[in-house]
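# Residue-level structural notes
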Amino acid sequence: MPNEKTCIRVGDLKSREDFPFARLEGVGPNLAGWGVVETCLLLPEAVCIMAGPSACLRHSAFMAHARGFTERFFMLCTPELDMTLGRHLDIVEKGIAEIAAQREEKVVFLIVCCPDYILGTDFTGVIERLEKQTGKHIILGAMAPITIGLKDSPFTSAYSSFYDFLKHVERKPDPDAVNLLGTFMPLSDSGELYRVLHGAGISKVHQIPLCDDLEQFAQMAHAGSSLVLHPLANGLNSSMEKGMGIASAFVPTSYGFSSIATCYDRIAATIGRSLDTESIEAEARKAAAPLLEDLKGKTIAVGCSINGSPWELATALVEFGLQVDVIFARGTFKPYEWGYIERLREIAPDIRAFNASHPSLCGKTAPFDHVDLAYGVDAGIFCTKAANVPLSRYQEQMHGYENTLWMLEQTRAALTNPVANYEWIYHHDFLI
């Protein structure tokens, strides 16, 4: 059994302070995907330049290669001594000027690392001179793991900065247009959510990953409403709501039928139209029944690297009549997740919630040998004998009841033909 300080019974988890924190947490296997660089490059006509010590840049170099966006990503190696003495500002300014002169993109994201964050380096003058010299918009951000857990993470700040390219647009509200915010892999236009929206008379659906240029991105300013599919987009959505009057609904990626029904109710209320989803739900329940029957009696673990909330998925699985034994989580609870935690306290209080980043948990796998099925690459790393279902942000992006069926179909495939975590990580580019 791992150190008892690494976990807590869900029945005893009543506040953030109850969660097993450590004074110094490790970089757990849950920290994969939606990095600062990836977030920045969702914006069309943008390049990202990361400046920092070589050790800090190494991980991002591998990630950029794995994700296939090296064409718009550059790195400036700044020696530690120069950073300490403040001499690296000239290196950064010169490097960005040289890169910007060779690129057609209109936006440059300057991403600094932990040392600059700790030192409080002031880039104001550098940015002002570069914008004047290059004629490009320079946005400062940070790739700083030490900031994990802060109210505004570097990822959220980067995504929220996109508002700068919308706030000056002369808005012409279009009630037949909807924004989907918080997607990395875009939803398919043949998917369930598109069909439901089109059935309600929505003719235009905007997603940032599908925008070819800033002009197309600017069309999002005219949408009658926005649907937020990931908490990352809350900051951007808040600015669009307050500054532009665009109504919105928070409808995060979910797996439970009750959660999905609630999301559709919120969408209907926000766009002011009725949605025809009853037949879709009925068909999904019918298709899910045999898939769920195959999972009865299996011990399940849920990790927090999944696309969605581990608490919501765990709640859905328990309500489906399945046995969830372990949740690997982080202490950065989203406000909406407490509703699911409260529900789990009622229906499955003995589930153990582990801090996936706790150093005392590092390398401990034997305590989880009894787990048969693990959702999330991070859960699979701890549960080495379990069939692993990644549910990664880099697989298909779905929403609604089809997302539940996709999850169950992925589960059947994993149980039929198990794939080792090594294979998932190194051959499917799920870089940790």
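The structure we're discussing is the one just above.
All values derive from a computational prediction rather than experimental measurement.

Rules used throughout
- Residues numbered from 1 in each chain as written.
- Predicted model: local features only at pLDDT ≥ 70, side-chain atom pairs only at ≥ 80, totals over all residues.
- Heavy atoms only, no water.
- Salt bridge = Lys/Arg side-chain N within 4 Å of Asp/Glu carboxyl O.
- Buried < 20%, exposed > 50% of the residue type's maximum accessible area, 1.4 Å probe, protein only.
- Helix = DSSP H or I, 4+ residues; strand = E, 2+ residues; numbered from the N terminus.
- Pairing = 2+ DSSP bridges.
- Right-handed = clockwise from strand over helix to strand, strands pointing away.
- Phe/Tyr/Trp six-rings, centres within 6.5 Å; stacked < 30°, edge-to-face > 60°.
- Core = buried A, V, L, I, M, F, W, Y, C linked by side-chain atoms within 4.5 Å.
- Contact = heavy atoms within 4.5 Å.

### Points about the pattern of salt bridges
This structure, assessed with the given rule, holds 17 salt bridges. Here Glu105 ties to Arg103 by a salt bridge, and the two come within 2.9 Å at their closest N and O atoms. Each of the two residues, Glu105 as well as Arg103, counts as buried. Of the charged contacts, one joins Arg412 and Asp294 as a salt bridge, the two residues approaching to 2.9 Å between their closest N and O atoms. Separated by 118 residues along the polypeptide, Arg412 in helix H16 (residues 401-416) and Asp294 in the loop between helix H12 (278-293) and strand E10 (299-302) bring together distant segments of the chain. Residue Arg412 is classed as partly exposed on the basis of its relative accessible area of 41%.

### So, the pairing of strand E9 (residues 247-250)
The pairing of strand E8 (residues 223-228) with E9 spans four bridges and is classified as parallel. Bridge pairing links Ser225 to Ala247 in E9. With respect to chirality, the unit in which E8 leads through helix H10 (residues 234-244) into the neighbouring parallel E9 is right-handed.

### Examining the packing of aromatic side chains
One pass over the full model with this rule turns up 17 aromatic pairs. Centre to centre, the rings of Phe257 and Tyr401 are 5.7 Å apart; their planes meet at 55°, and the pair counts as tilted. Taken together, the residues span a long stretch of sequence, with Phe257 in helix H11 (residues 257-271) and Tyr401 in helix H16 at a distance of 144 residues. Aromatic pair Phe328 and Phe382: ring centres 4.8 Å apart, planes at 15°, arrangement stacked. Of this pair, Phe328 sits in strand E11 (residues 323-329) while Phe382 sits in helix H15 (residues 377-382), and the two are 54 residues apart along the sequence.

### Observations regarding the nonpolar core
Buried together is how nonpolar side chains tend to be arranged in soluble globular proteins. Residues Trp311 and Tyr375 are the most contacted members of the largest nonpolar core, which totals 67 residues. Tallying contributions element by element places H11 first for this core, with seven residues. Discounting chain neighbours no more than four positions away, the residues touching Trp311 are Val10, Leu13, Ile327, Ala329, Phe333, Glu337, Tyr340, Ile341, Leu344 and Ala353.

Coordinates in, geometry out; function isn't part of it.
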